Amino acid sequence: MLTITRAEVFLVRLPLKFRFETSFGVQTEKMVPILVLHGNGQAGLSEGVMEPLPMFREETLAGALQLLREVLLPQVMGKSFANPQALAQTLTPYRGNNMAKAMLEMAAWDLWARTLDAPLWQLLGGVRDRVAVGVSLGIQADAAATVDSVTRHVEQGYRRIKLKIKPGWDVQPVAAVREAFPEIRLTVDANSAYTLEQTRVFQALDEYGLDYIEQPLAFDDLIDHAALQARIRTPLCLDESITSAQDARKALALDAGRVINIKVGRVGGHAEAQRVHDVSQAFGVPVWCGGMLESGIGRAHNIHLSTLLNFSKPGDTASSSRYWTHDTVQEPLEMEGGYQKVPSGAGIGVTLDRDFVTRSAEATWEVR
């Protein structure tokens, strides 16, 4: 049994080592909420991926932490559960708020795995001890700067290059990169910045041999994605549109996309991520693990999830040192030769740098 006795939350501001621009805007830091869930003589770790403003999905950092503190954690405190899935069932009456739910569910998985002295990937049903790694590059000042950034990351060994695009900055950088690198695995990510009226942009991108075009249209519109997919050859990859296995089933039945990006926080936790993986596999559609600028805690969770069979495309699990001068965990999570090794040991295999997190936290609280 899994018995929850105490929870700690730390809100840590991490400065990024570079300016990261997407169609949403520019980001230079990340607010990282960290949950430490205690029980069975162990502590499970997770982090939230919600942002201060509802730009990616509807959730916000303030709203999610309030829900976690006042509703979700009190629902499980002092109670025993057969496994993390049983704990997650107590959260089903609450609609939406997947990222808040995922914080609790993911910490429970880590706690459960540590209680069993087993690595998380084995409990999730993983099949490999390393995962292929891609990198996501923000919008640069010009095409030459884009090619320079791509060159550095290709030389470092990343197995897929993803370029962020937005209206007015799409075909030009892709053309420049493809001319410089005719053979690399190249993708683009629009973060919902376009409409069907701009179909010609994606028809033009068809000429550059992209592995996929990620989330070009509205976050909640599968119908228009299906219409766009029918007009272009390049597979569409759905990200923001997929919040559950049911979403994935409907999207794939509509042919609204032919690749799925799975983000654990976006779908509400590991159990639903497994179900999205299984639905996609049943349709013969590959998946990969997306990133949300996680610190080492979330990155470790993502690496473990990426060991499942149908994660056949490189994910956004780049080296932690690419993002942070000082990470939230003690163990380095570094890409070597295009792969991340799965952290060894029980649970997610990393240890909270408690001194750094405590010293850096802008807010802390505890629930018993």
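Cut-off values and rules
- Residues numbered from 1 in each chain as written.
- Predicted model: local features only at pLDDT ≥ 70, side-chain atom pairs only at ≥ 80, totals over all residues.
- Heavy atoms only, no water.
- Helix = DSSP H or I, 4+ residues; strand = E, 2+ residues; numbered from the N terminus.
- Rg over C-alpha atoms; globule rule 2.2 N^0.38 Å.
- Buried < 20%, exposed > 50% of the residue type's maximum accessible area, 1.4 Å probe, protein only.
- Contact = heavy atoms within 4.5 Å.
- Areas by Shrake-Rupley, 256 points an atom, 1.4 Å probe, with all protein chains shown as cover.
- Lys, Arg positive; Asp, Glu negative; His and termini not counted.
- Charge placed at Lys NZ, Arg CZ, Asp CG, Glu CD.
- Phe/Tyr/Trp six-rings, centres within 6.5 Å; stacked < 30°, edge-to-face > 60°.
- Lys NZ or Arg CZ within 6 Å of the ring centre and 35° of its normal.

A. Representation of the overall build of the protein chain in the model. Of regular secondary structure, the protein chain possesses 13 helices and 15 strands. The C-alpha radius of gyration of the protein chain comes to 20 Å, within 12% of the 21 Å expected for a compact globule of 368 residues. In terms of overall dimensions, the protein chain has a C-alpha envelope of 55 × 40 × 35 Å along the principal axes. When the 368 residues of the protein chain are sorted by exposure, 60% land in the buried category. Here the contacts in the protein chain between residues at least 6 apart in sequence split such that 73% fall between residues at least 24 apart. Accessible surface computed for the protein chain: about 14300 Å², of which carbon and sulfur atoms make up 48%. For the protein chain, the separation between the mean place of its 37 positive charges and that of its 43 negative charges on side chains is 2 Å.

B. Inspection of the packing of aromatic side chains at higher detail. Scanning the entire structure with this criterion turns up four aromatic pairs. Note on F18 and Y323: the rings are 5.8 Å apart at their centroids and 50 degrees apart in plane angle, and the pair reads as tilted. Note that F18 is positioned in strand β2 (residues 6-22) and Y323 in the loop between α12 (296-305) and β14 (339-341), a separation of 305 residues in sequence. Judged by its relative accessible area of 23%, F18 is partly exposed. A residue is classified by how much of its surface remains accessible, and Y323, at 7% relative accessible area, is buried. Relative to F202, the ring of Y194 has its centre 4.9 Å away and its plane inclined at 70 degrees; by these criteria the two rings are edge-to-face. An aromatic cluster of at least three residues, connected via ring pairs, comprises F18, Y323 and W324. The cationic tip of R130 hangs over the ring face of Y339; the distance from NZ or CZ to the ring centre is 3.6 Å. Taking NZ or CZ as reference, R160 lies 5.1 Å from the ring centre of W288, over its face.

C. Quick look at unusual backbone geometry. At N97, a position not held by glycine, the phi torsion is positive, near 55 degrees. Within the secondary structure, N97 sits in the loop between α2 (84-89) and α3 (98-115). A positive phi angle, near 55 degrees, is found at D255, a position not held by glycine. Its location among the elements puts D255 in the loop between α9 (245-253) and β12 (259-262).

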